[in-house]
Amino acid sequence: AYDSSLWNASGNATIGTEGTALKLATNGNSASSCRARATNFIVPIGHKIYIAGTVDASHLSASTASLRLYVGAGGGSSSGTGAIVVKAETAAQRYSVMASTTESNVCLACAIVSNAPTTDYALFKDVLCIDLTAMFGAGNEPSTVAEFETLYPESYYPYDAGSLLPVNMAGIATEDADGNPL
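Residues numbered from 1 in each chain as written. Predicted model: local features only at pLDDT ≥ 70, side-chain atom pairs only at ≥ 80, totals over all residues. Heavy atoms only, no water.

Draft legend 1. Inspection of the environment of Thr17 at higher detail. Of note, Thr17 is situated in strand β2 (residues 13–18). Given the relative accessible area of 40%, Thr17 is considered partly exposed. C-alpha of Thr17 to C-alpha of Phe124: the two residues are 107 residues apart in sequence and 9.3 Å apart in space. (Helix = DSSP H or I, 4+ residues; strand = E, 2+ residues; numbered from the N terminus. Buried < 20%, exposed > 50% of the residue type's maximum accessible area, 1.4 Å probe, protein only.)

Draft legend 2. Layout of unusual backbone geometry. One non-glycine residue, Asp126, adopts positive backbone phi at about 55°. Take Asp126: it is sitting in strand β11 (residues 121–131). For Asp126, a relative accessible area of 24% translates into the label partly exposed.

Draft legend 3. Summary view of the pattern of salt bridges. Under the counting rule described, the total for this entry stands at 1 salt bridge. The partner of Lys23 in a salt bridge is Glu18, with the nearest N and O atoms 3.6 Å apart. (Salt bridge = Lys/Arg side-chain N within 4 Å of Asp/Glu carboxyl O.)

Draft legend 4. Representation of the side chain of Asp56. Its place among the elements puts Asp56 in strand β5 (residues 48–56). Lacking a salt bridge, the buried Asp56 has Lys125 as its closest oppositely charged neighbour, with an N-O distance of 9.3 Å. A polar contact of 2.6 Å, which involves the side chain of Asp56, links it to the side chain of Ser58. Once you skip the residues sitting within four places of it in the chain, Asp56 turns out to touch Thr90, Ala91, Ala92, Ala122 and Leu123. (Lys, Arg positive; Asp, Glu negative; His and termini not counted. Polar contact = N/O pair within 3.5 Å; in protein donor to acceptor, adjacent residues only side chain to side chain. Contact = heavy atoms within 4.5 Å.)

Take a look at the structure:
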């Protein structure tokens, strides 16, 4: 199950869990600012990210414009390119997308985007974010979702439902154990 405490809700949003899924819900007001950020998954500017997950928009009414899972500063639009956008009333499906960042200090975010008051909610399950720039090096990242999924198909690694974990760093190593520069 997701640890909803690692997500920062803002605007008219509430965050919780339903079963093993993360639940993003509105508070009955306009959902245009219903969003949440996984504030401990920070993405450096210019990095390419692979995002995949099961998104259930079946609990969103037809008046709700869309649901987004993206890399951004937390608003309804991404701070870069690439976002999973799901129309209201869509049953749970697995989606994947390549995203890249154009701003610094952005993170994984989700939003319900609508101008009408609503009490809707959406569910996210098995969300996976991989920093391809960190994994492959700048300029060497796979260029498409299909290319990455050919190299690392979903069956390559078993899904670990775990949770996002905050990491406290004491510094960056610049030398190996023998004192040689890295």
